[in-house]
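Geometric and topological summary
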Amino acid sequence: EVNEPYPGLSISTTADNCELVMLAKIRKSLNENGIAFKTKTYSGLIEVTIRFGRSKVGTLFLAAGHSSLAWIGMTVAFGGMDEPFRQSADTNRDLISRVSEPNAALPMITYSGTPEPDTQEWGEDVIDAGEEDSQERFITTLSTRDNIYLQKHYVKTLESQLDSEQQKNYIDGEATSRKGG
């Protein structure tokens with residue numbers, strides 16, 4: 001509601017992830033909270049229109065980072081990127097350039113994901129900072145272990161499938177190198 005009536009844009013790694021993960025979670029949350037919404041699917045883009053009360057409407061576009069042709073040219077008030085370090089530096093630059101609505105009350109970009117130190121093209125400064133709370137950005141590292149909403153066995157299952165370095169990275173959010181470097 002803060003940036004209403006200006007839309008937002010959330011980028012995911014693939015079109016399937018947009019629909020099967022992001023849209024599914026949004027639908028579930030809106031349905032559980034009795035919030036009215038509609039969705040429309042375009043080529044490479046999903047539009048979620050959310051109604052707040054009688055007259056206020058919010059719009060969120062979901063798209064895959066690799067198909068930026070679907071969202072290049074958009075002007076949005078806020079943006080988000082899921083699993084940013086699995087996406088290209090160009091996708092990040094493209095998203096930053098889209099968050100350009102001059103009337104946005106709170107223009108911002110949020111990222112959520114796991115460090116990928118062996119494969120990521122960008123973001124080393126974010127990982128090296130670890131924690132930051134400045135005028136330009138806020139960075140925090142959260143451990144999956146601290147997520148009170150997960151089923152009790154979830155972390156144990158992950159631990160059984162990952163070696164100690166992978167656990168530090170994928171459970172605790174600490175960037176580690178698994179290539180010995």
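Here, the structure is the one placed above.
Residues numbered from 1 in each chain as written. Predicted model: local features only at pLDDT ≥ 70, side-chain atom pairs only at ≥ 80, totals over all residues. Heavy atoms only, no water.

1. As for the overall build of the protein
As a reminder, the rule being used: Helix and strand definitions follow DSSP, with helices as H or I runs of at least four residues and strands as E runs of at least two, each counted in order from the N terminus. Here the globule rule is a power law, 2.2 Å times the number of residues to the power 0.38, and the radius of gyration is based on C-alpha atoms. Only protein chains enter the area calculation, which uses a 1.4 Å probe; residues under 20% of their type maximum are buried, those over 50% are exposed, and those in between are partly exposed. Note on contacts: a residue pair qualifies if any of its non-hydrogen atoms lie within 4.5 Å across the two residues. A 1.4 Å probe and the Shrake-Rupley method give the accessible areas. Residues count as covered only by the protein chains that appear here.
Looking only at helices and strands, the protein has five helices and eight strands in total. Across the protein, helices and strands are ordered from the amino to the carboxyl terminus as β-α-β-β-β-β-α-β-α-β-β-α-α. In terms of C-alpha radius of gyration, the protein reaches 18 Å, essentially the compact-globule figure of 16 Å for 181 residues. Expressed along its principal axes, the backbone C-alpha trace of the protein runs to roughly 55 × 35 × 35 Å. Of all 181 residues assigned to the protein, the portion counted as buried reaches 34%. Pairs at least 24 residues apart make up 58% of the contacts formed inside the protein by residues separated by at least 6 positions. Taken as a whole, the protein presents about 11,300 Å² of accessible surface, with 50% of it coming from carbon and sulfur.

2. Let's talk about the nonpolar core
We apply this condition: Side-chain atoms within 4.5 Å link the members of a nonpolar core, which is a set of buried Ala, Val, Leu, Ile, Met, Phe, Trp, Tyr and Cys residues.
With 14 residues, the main nonpolar core has L9, I11, L45, A63, W71, M74 and L95 as its most contacted residues. Residue assignment for this core shows that the elements contributing at least two residues are β1 (8-12), β4 (56-64) and α2 (89-98). Residue contacts for I11: discarding those within four places in its chain leaves M22, A63, A64, G65, W71, G80, M81, D82, Q87, T91 and L95. Core analysis: the second largest hydrophobic core is formed by 10 residues, C18, I26, L30 and L62 among them.

3. Topic: a nonpolar patch on the surface
How we decide: Excluding any residue in a salt bridge, patches collect residues exceeding 30% relative accessible area, merging like charges within 9 Å and nonpolar Val, Leu, Ile, Met, Phe, Trp and Tyr side chains within 5 Å. Any carboxyl oxygen of Asp or Glu within 4 Å of a side-chain nitrogen of Lys or Arg constitutes a salt bridge here.
A cluster of nonpolar side chains, V2, L106 and M108, forms an exposed patch at the surface whose accessible area comes to about 260 Å². Accessibility expressed as a relative area gives 38% for M108, which makes it partly exposed.

4. What to know about the environment of R54
Among the secondary structure elements, R54 is positioned in the loop between β3 (45-52) and β4. Put simply, R54 and S68 are 14 residues apart on the chain and 33 Å apart in space, counted from C-alpha to C-alpha.

5. Comments concerning helix α1 (residues 15-32)
Rules: Every helix has an expected span of 1.5 Å times one less than the residues it contains. Fitting axes to the seven residues ending at a residue and to the seven starting there, one defines the bend at that residue as the angle between these axes.
If you check α1, its first and last C-alpha atoms are 24 Å apart, about what 18 residues at 1.5 Å a residue would give, namely 26 Å. A bend of about 30 degrees at L23 is the largest found in α1. The inward-facing, buried residues of α1 contact β1, β2 (37-42), β3, β4 and β5 (78-82). Positive backbone phi, approximately 65 degrees, marks G34, located one or two places after α1.

6. Regarding the pairing of β5
So the rule is basically this: Being paired, for any two strands, means DSSP has found at least two bridges between them. When the strands point away from the viewer and the path from the first strand over the helix to the second turns clockwise, the crossover is right-handed.
Counting buried positions along β5 yields four of five residues, so the element is predominantly enclosed. Both β5 and strand β6 (residues 108-112) contribute to a ladder of five bridges, which runs parallel. Its bridge partner being in β6, F78 is matched across the sheet by M108. In this region the chain leaves β5, passes through α2 and returns to the parallel neighbour β6; the handedness of that crossover is right-handed.

7. What to know about the sheet that holds β5
The strands making up a sheet associate through hydrogen bonds between their backbones, and the pairing can be parallel or antiparallel. Basically, it comes down to this: Note on geometry: axes are lines fitted to C-alpha atoms, helical ones only across the stretch in contact, with angles between N-to-C directions running from 0 to 180 degrees.
On the basis of which strands lie adjacent, the open sheet formed by six strands has the order β2-β3-β4-β1-β5-β6 and mixed pairing. Each edge of the open sheet carries a strand with a single partner, namely β2 and β6. Here the average twist between neighbouring strands, direction ignored, is 15 degrees. Together, β1, β2, β3, β4 and β5 form the strand contacts of α1, whose direction differs from that of β4 by roughly 155 degrees. Together, β1, β5 and β6 form the strand contacts of α2, whose direction differs from that of β5 by roughly 160 degrees.

8. Comments concerning the packing of aromatic side chains
Put simply, the test is: Note on aromatic pairs: the rings of Phe, Tyr and Trp (six-membered ring only in Trp) are paired at centre separations within 6.5 Å, and the planes decide the class, stacked below 30 degrees, edge-to-face beyond 60, tilted for the rest.
Scanning the entire structure with this criterion turns up two aromatic pairs. An angle of 50 degrees between the planes, with centres 5.3 Å apart, marks the rings of F85 and W122 as tilted. With F85 in the loop between β5 and α2 and W122 in the loop between β6 and α3 (124-129), this pair connects stretches of sequence that are 37 residues apart. Here F85 and W122 have matching classes, each one buried.

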